[in-house]
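Take a look at the letters that make up each chain.
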Amino acid sequence: MKIAILSCFYPYRGGISQFNACIYEELRKKHDVKAFNFKRQYPELLFPGKTQYVTDDDVAAKIESERILDTANPLSYPIAAKKIRSWGPDLLIMRYWMSYFAPSLGYTARKAGKGCKKIAILDNVIPHEQHFFDKPLTKYFLDGCDGYVTLCDAVGHDLTGIKPDARYITTPHPLYSHFGEKMDRNDAEDLLGIGHGKKNILFFGLIREYKGLDILIEAFGKLGEDYRLIIAGEPYGSFDKYQRLIDSCSGKNRISVFPQYIKDDEVSRYFSAADVCVLPYRSATQSGISSIAYHFGVPMITTDVGGLRESIAERGTGLVVENASPDEIASAINRYFDSPELVRSMKDNIITEKERLSWKNFCDRLVDFYEKL
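This report concerns the structure included in the present document. (Residues numbered from 1 in each chain as written. Predicted model: local features only at pLDDT ≥ 70, side-chain atom pairs only at ≥ 80, totals over all residues. Heavy atoms only, no water.)

### Quick look at the nonpolar core
Working step 1: In terms of nonpolar packing, the biggest core is built from 60 residues, with I5, I121, F204, Y270, F271, I292 and F362 touching the most fellow members.
Working step 2: Element by element, the count of residues in this core is highest for helix α14 (residues 359-372), at 7 residues.
Working step 3: The residues touching I121, leaving out its near neighbours within four places in the chain, are F19, I23, I93, M94, R95, Y96, V149, L151, F362 and L366.
Working step 4: Core analysis: the next-biggest nonpolar cluster, separate from the first, contains 37 residues, L6, Y42, Y96 and A166 among them. (Core = buried A, V, L, I, M, F, W, Y, C linked by side-chain atoms within 4.5 Å. Buried < 20%, exposed > 50% of the residue type's maximum accessible area, 1.4 Å probe, protein only. Helix = DSSP H or I, 4+ residues; strand = E, 2+ residues; numbered from the N terminus. Contact = heavy atoms within 4.5 Å.)

### Considerations on the sheet that holds strand β9 (residues 227-232)
Working step 1: Strand order in the open sheet formed by 6 strands is β10-β9-β8-β11-β12-β13, and the pairing between neighbours is parallel. Lying at the two open borders of the sheet, with one neighbouring strand each, are β10 (255-258) and β13 (318-321). Within the sheet, the average angular offset between the axes of one strand and its neighbour, ignoring direction, is 20 degrees.
Working step 2: Two strands pair when backbone bridges link them, and strand β8 (residues 199-204) and strand β11 (residues 276-279) are joined in this way by 2 bridges, in the parallel orientation. Its bridge partner being in β11, I201 is matched across the sheet by V276.
Working step 3: Contacts from helix α7 (residues 213-220) reach β8, β9, β10 and β11 within the one sheet, and its direction differs from that of β9 by about 165 degrees. (Pairing = 2+ DSSP bridges. Axes fitted to C-alpha atoms, helices over the stretch in contact; angles between N-to-C directions.)

### A closer look at the packing of aromatic side chains
Working step 1: Inspection of the entire model under this criterion finds 22 aromatic pairs.
Working step 2: Consider the rings of W97 and F101, whose centres lie 4.4 Å apart with planes at 45 degrees: the pair is tilted. Here the two residues W97 and F101 agree in accessibility, since each one is buried.
Working step 3: Each ring, one from Y227 and one from F337, has its centre 5.3 Å from the other, and the planes form 80 degrees; the classification is edge-to-face. Residue Y227 is located in strand β9, and its partner F337 is located in helix α12 (residues 326-337); the two are separated by 110 residues in the primary sequence.
Working step 4: Residue Y227 is classed as buried on the basis of its relative accessible area, which comes to 3%. (Phe/Tyr/Trp six-rings, centres within 6.5 Å; stacked < 30°, edge-to-face > 60°.)

### A look at the sheet that holds strand β4 (residues 91-96)
In a beta sheet, neighbouring strands are held together by backbone hydrogen bonds and run either parallel or antiparallel to one another.
Working step 1: One open sheet accounts for 7 strands, arranged β3-β2-β1-β4-β5-β6-β7; its pairing is parallel. Only two strands of the sheet have a single partner each, and these edge strands are β3 (65-70) and β7 (168-170). Averaged over all neighbouring strand pairs, the angle between strand axes comes to 25 degrees, with direction disregarded.
Working step 2: Alignment of strand β1 (residues 2-6) against strand β2 (residues 32-40), held across 5 bridges, turns out to be parallel. Bridged to A4 within β2 is K34.

### Describing the side chain of T303
Working step 1: Position of T303 relative to the elements: it lies in strand β12 (residues 300-303).
Working step 2: A relative accessible area of 1% places T303 in the buried class.

See the structure below:
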């Protein structure tokens, strides 16, 4: 089968690009796969981080791709569609995570060829930070596809809310495995320069309002002297609000901040130093961070939003609190460290999840779904 994937690949960096590289590598074991990339993913003015691109000192999968689609230039849409159509795929796979991409991807999907089925992998249907135009733009994109893959039940619910007749499957986010092996804890702490002997709490990933880092910092202020908070990730926007909270926190000397994009070959040191990863999200669908935590065998504490209960609490791999409040998160952290048998059980369950959440299983389900469309 000929499979085209239209999304971001190298030289773009980040979780979406990493995910795409993984499905590309898995699908090409059995199929003829071609990666079609963006010429421009976002205009620089709309991108809140420091750079969209892999830097010279980063390590990333250099997937060979053809850069055809400028999302900000409608003149590129028919050209991109023609290139995909000329290649003649049986299946076109697209990733969708925000309504900005609806015009470009929606147009391209409609013009990809009559014999080509279009499947969208939906990270989000309703974005975390909503706008009045999200639903109509998303509906335009969805109407150009034949089927959908959602990564949790919450996204499936959002999908049928906009498109009740949608044909879709739900299959969980596979585990990232390209970040290397877990390190010795003391070596990891030495690399981070944080010293030994504390109970290490990790907040990892892009820092955005909906991810609730401010809630975690306030929760940390309620914990004892034997705790340390590690914050690792690039701020999308100003870090000033969080810095003020850190400066006013009673445990500020036990908060270690690494406010930059974490390169692939550096991820291991953060998770190897961590006792637990906390996801204090105000809203969510699923989280790629949980897949990294699974890879390194680190249990999680999260809030009851989106599909996080489904993917963590119901699998016995972490604790879920009802509300995104400092008191509840602080209480859950104390409970976690006071329950060694519970922690051992979580780590055993993570081993089981690592076997289930393979890229092979994900891609096999996707191809099976295509054959039934």
